[in-house]
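Below, each chain spelled out in residue letters.
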There are 2 protein chains.
Amino acid sequence: MTQVLGFELLNEEGRARTGRLTLAHGQVETPIFMPVGTQGTVKTLTPHELKEVGAQIILGNTYHLYLRPGHDLIRRLGGLHAFSSWDRPILTDSGGFQVFSHSGLNKITEEGVFFRSHIDGSHHFLTPELSMEIQNALGSDIMMAFDECVPYPAEHGYVMHSVERTTRWAGRCKEAHKATGRQLLFGIVQGGVYPDLRAESARQIREIGFPGYAIGGLSVGEPKEIMYDILESTVPLLPKEKARYLMGVGTPVDLVEGVYRGIDMFDCVMPTRNGRNGMIFTWDGPLNIKNAAFAEDRRPPEPECSCYVCRNFSRAYLRHLYKAGELLALRLNSYHNLYFYLTLMEKVRQAIREKRFEAFRRDFLARYQGR
Amino acid sequence: MTQVLGFELLNEEGRARTGRLTLAHGQVETPIFMPVGTQGTVKTLTPHELKEVGAQIILGNTYHLYLRPGHDLIRRLGGLHAFSSWDRPILTDSGGFQVFSHSGLNKITEEGVFFRSHIDGSHHFLTPELSMEIQNALGSDIMMAFDECVPYPAEHGYVMHSVERTTRWAGRCKEAHKATGRQLLFGIVQGGVYPDLRAESARQIREIGFPGYAIGGLSVGEPKEIMYDILESTVPLLPKEKARYLMGVGTPVDLVEGVYRGIDMFDCVMPTRNGRNGMIFTWDGPLNIKNAAFAEDRRPPEPECSCYVCRNFSRAYLRHLYKAGELLALRLNSYHNLYFYLTLMEKVRQAIREKRFEAFRRDFLARYQGR
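What you see as residue numbers is a count from 1 along each chain, following the sequence as written. Both sets of labels track the order of writing: A upward for chains, 1 upward for ligands. Local features in this predicted model are restricted to residues of pLDDT 70 or higher, and side-chain atom pairs are both shown and tallied only at a pLDDT of 80 or more, whereas totals for entire chains, interfaces and linings draw on every residue. Think of the side-chain values as coming from all heavy atoms in the structure, minus any hydrogens and water.

Participant: Mind laying out the packing of aromatic side chains, listing which residues take part and the relevant values?
Facilitator: Residues and elements named next belong to chain A. Classification of ring pairs uses Phe, Tyr and Trp, with its six-membered ring standing for Trp, and accepts pairs whose centres are within 6.5 Å; under 30 degrees between planes counts as stacked, over 60 as edge-to-face, and the remaining range as tilted. Within this structure, the stated rule accounts for 31 aromatic pairs over all chains. A ring pair is formed by Y63 and F115, whose centres lie 5.5 Å apart and whose planes are at 50 degrees; its orientation type is tilted. Note that Y63 is positioned in helix α2 (residues 62–67) and F115 in strand β9 (residues 113–116), a separation of 52 residues in sequence. F115 shares its class with Y63; the two are buried. Taken together, a centroid distance of 4.3 Å and an interplanar angle of 35 degrees make the contact between F114 and F125 tilted. The numbering of helices and of strands both runs from the N terminus, where a helix is a DSSP run of H or I of at least 4 residues and a strand a run of E of at least 2. Residue burial is assigned from relative accessible area. The probe radius is 1.4 Å, only protein chains are included, and a residue is buried under 20% of its type maximum, exposed over 50%, and partly exposed in between.

Participant: Outline the interface of chain B and chain A, listing residues and values.
Facilitator: Note on contacts: a residue pair is in contact if any heavy atoms of the two residues lie within 4.5 Å. Contacts between the two partners involve 38 residues from chain B, matched on the other side by 38 residues from chain A. What gets called buried area is simply the loss in accessible area from a 1.4 Å probe that two parts show on being joined, summed for both. Each partner contributes to the roughly 3,300 Å² buried at the junction of chain B and chain A, and carbon and sulfur atoms together form 55% of this total. In this structure, R331(B) and E49(A) form a salt bridge, with 2.6 Å as the shortest nitrogen-oxygen distance. Polar contacts here mean pairs of N or O atoms no more than 3.5 Å apart (in protein, one a potential hydrogen donor and the other a potential acceptor; neighbouring residues in sequence count only if both atoms are side-chain atoms). For the pair chain B and chain A, the interface holds 24 residue pairs in polar contact (both at pLDDT 80 or more). Put simply, the parts of the chain that give the side of chain B that touches chain A at least two residues each are α1 (47–52), α3 (71–76), α4 (79–84), α12 (308–312), α13 (315–323) and α14 (327–353) of chain B. Any Lys or Arg side-chain nitrogen located within 4 Å of an Asp or Glu carboxyl oxygen qualifies as a salt bridge.

Participant: Which residues make up helix α7 (residues 156–176) of chain B, and what are the values?
Facilitator: Residues and elements named next belong to chain B. Counted at 1.5 Å a residue, the expected span for α7 with its 21 residues is 30 Å, and the 30 Å between its end C-alpha atoms agrees. When α7 is considered as a whole, its buried residues turn out to be V159, S162, V163, R165, T166, T167, W169, A170, R172, C173 and A176. Residues of α7 that are buried sit in contact with β8 (107–108), β9 (113–116), α6 (128–138), β12 (184–189) and α8 (195–208). For a helix, the expected span equals 1.5 Å multiplied by the number of residues minus one.

Participant: Summarise the sheet that holds strand β15 (residues 265–267) of chain B; cite the residues concerned and give the values.
Facilitator: For two strands to count as paired, DSSP must find a minimum of two bridges between them. The parallel open sheet is built from 9 strands, whose spatial order is β4-β15-β14-β13-β12-β11-β7-β6-β5 (chain B). Looking at strand neighbours, the two that pair on one side only are β4 (32–34) and β5 (36–37) of chain B, the edges of this open sheet.

Participant: Can you lay out the nonpolar core for me, pointing to particular residues and giving the numbers?
Facilitator: Ranked by size, the top nonpolar core spans 229 residues in total, and within it M265(A) and M265(B) carry the most contacts. Residues in contact with M265(B), not counting those within four places in the same chain, are L21(B), T30(B), I32(B), M34(B), L91(B), I142(B), F186(B), A243(B), R244(B), Y245(B) and L246(B). Nine residue types can take part in a nonpolar core, namely buried Ala, Val, Leu, Ile, Met, Phe, Trp, Tyr and Cys, and a core is a set of them joined through side-chain atoms within 4.5 Å.

Participant: Please give an account of the sheet that holds strand β2 (residues 16–23) of chain A that cites residues and values.
Facilitator: Residue and element names in this part refer to chain A. Pairing within the open sheet is antiparallel, and its 3 strands lie in the order β1-β2-β3. Since the sheet does not close on itself, it has two edges, and those belong to β1 (6–13) and β3 (26–30), each with one partner. In this sheet, neighbouring strand axes are inclined to one another by 15 degrees on average, regardless of whether the strands run parallel or antiparallel. Pairing geometry for β1 and β2, over 7 bridges, is antiparallel. By the bridge assignment, L9 is partnered in β2 with G19. Throughout, an axis means a line fitted to C-alpha atoms (over the contacting stretch in the case of helices), and angles, computed between N-to-C directions, take values from 0 to 180 degrees.

As structure tokens, then:
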């Protein structure tokens with residue numbers, strides 16, 4: 001029996017909602033946070049550990065995997081799932097964001113984007129069609145349309161032209177996607193910090209029609225309030241019966257605030273990257289494990305957490321590992337932080353199911369922000 | 001009921017033997033390889049994983065833990081077992097080897113060794129008494145006497161004086177050790193590459209009397225044949241009913257050859273350090289995962305291995321991780337290599353029990369060395 005792939009809306013409380021994504025490699029309960037596996041691995045962690053921390057779906061980066069080891073190699077080895085030994089769903093981005101943020105000199109044309117590899121300086125030309133070819137080769141469950149992510153700040157006129165190009169590219173992506181019925185292609189709404197352009201982009205992208213919609217180009221430097229305002233004005237313009245994905249966001253507060261505004265999916269390198277920098281998330285806000293105050297602190301990172309790290313190690317030990325330059329520190333911090341993020345999302349889902357998300361949000365924010 | 005701590009000889013085949021060490025934190029089947037946990041962690045791995053790969057006992061380094069985070073801090077936090085969440089036996093070295101090999105300017109006197117920290121250049125003076133104090137604070141199951149490890153080559157006259165000083169230091173260690181009945185103190189035989197001095201050192205150290213004996217100062221640059229010759233002449237001078245520990249050794253071949261010559265215990269950073277450098281051990285010898293030949297190799301690191309890494313990942317994936325600079329590569333290589341070393345020792349024990357170690361050794365060496 002072939003399951004129908006896509007999103008199912010389950011519960012609502014205000015704009016917050018729970019749902020279920022049925023994908024080729026399994027189901028995903030939303031709202032969900034997706035750990036980022038840039039180069040075919042969520043940094044420092046094994047697939048086994050990702051399941052332990054509760055990951056239902058992870059990200060792969062098209063830009064990085066295209067450059068190294070190459071999508072043709074991954075296709076020959078059975079696709080990204082087989083290559084990385086991860087049998088649950090994977091979402092791949094389009095490569096667009098990295099082309100703009102990571103690579104050397106890039107030049108945008110109507111056809112696509114010229115860029116230079118951050119690894120060896122080699123020249124490449126990424127188009128909507130190539131992005132689809134790469135993502136088809138990787139075999140992700142959810143593919144993303146190739147878009148232009150404009151920086152902040154950017155002029156209204158520039159963003160308007162960019163929105164129109166992103167729409168044309170989205171159409172080319174839908175055309176080029178070798179739909180096997182196993183890979184869903186999501187569209188991306190752009191428009192910077194301009195509500196009118198966000199609305200226009202949402203209208204155009206909806207018109208093309210996708211099984212899910214992302215909001216891109218936020219959390220790129222604009223004030224938080226602007227991000228929340230854009231969500232409030234843009235989310236209602238997206239179809240209720242489709243999944244909504246806020247790309248590259250964010251802090252635990254951003255996640256709760258995003259859910260409050262109707263978002264179903266999030267991804268961010270923060271729990272892993274900041275973990276590698278010594279930041280550990282707790283219900284009372286983040287702490288910096290390098291701090292001398294933790295030198296003899298016998299408490300686990302988060303006393304209420306039941307992850308492997310919190311069940312076995314003290315802050316004093318984690319601080320020692322970090323100060324001594326031990327790689328185990330980076331692992332343990334990343335593991336706990338992802339467990340924290342995914343536990344937060346489980347609590348969020350449970351609260352929405354029980355129609356008490358409004359209270360959950362208030363209590364979470366008060367405690368996390370120490371107010 | 002209090003168990004009597006110490007060594008029990010179980011089976012013999014030629015000079016090879018199996019035995020059992022009963023220690024405060026559990027029993028250890030010998031011959032055994034001990035993973036090295038320099039700074040309170042076996043690099044990149046968790047205690048849970050160390051059990052998965054079959055570690056029965058691990059090492060801790062007195063020099064490193066004394067400098068950072070400090071033995072008093074570890075004592076206040078419950079000792080090294082509690083601090084690092086490892087509940088099986090730990091052996092700590094004396095700090096002697098590191099003082100000579102890692103630290104800046106050092107000066108040896110009859111009283112002890114002046115040295116400078118490799119971390120901050122601070123001045124320290126390590127004596128037999130301080131080494132005992134540190135190891136008592138760490139709470140290891142097996143402590144090592146503070147010795148001088150002479151470099152290779154060294155003059156006969158210098159080594160002779162060093163052997164006599166090491167004996168006097170061994171006596172001071174035995175005197176200073178706060179024997180609680182839970183920590184065994186092993187003596188160390190030195191004598192460089194001179195059989196007469198090894199014999200004299202063995203005689204003197206036996207005369208002091210310890211529950212176990214180590215052979216130190218080998219694998220420091222001398223030819224392999226000299227190491228094996230020294231083992232052949234020295235091991236028979238050690239009491240048969242006590243454990244014999246060959247310090248800082250070695251390759252898989254060294255382990256088999258050491259067991260063949262009567263050694264019960266080994267430690268070495270090779271499986272972890274070389275793993276971090278891309279070397280993976282297989283029954284057909286080591287391979288360098290960075291090699292382009294592995295770019296599309298679908299085989300696991302060692303097809304006959306049943307460790308987590310070999311059950312889940314291809315050489316192609318491990319090569320990709322390594323080339324991409326992913327920390328997961330260092331973890332997976334270390335994990336597999338330790339599993340390989342500990343599986344080798346399990347096979348060695350089984351072969352001795354079944355009186356077929358001679359054939360095992362021949363077959364292992366032929367295959368591993370490709371002959």
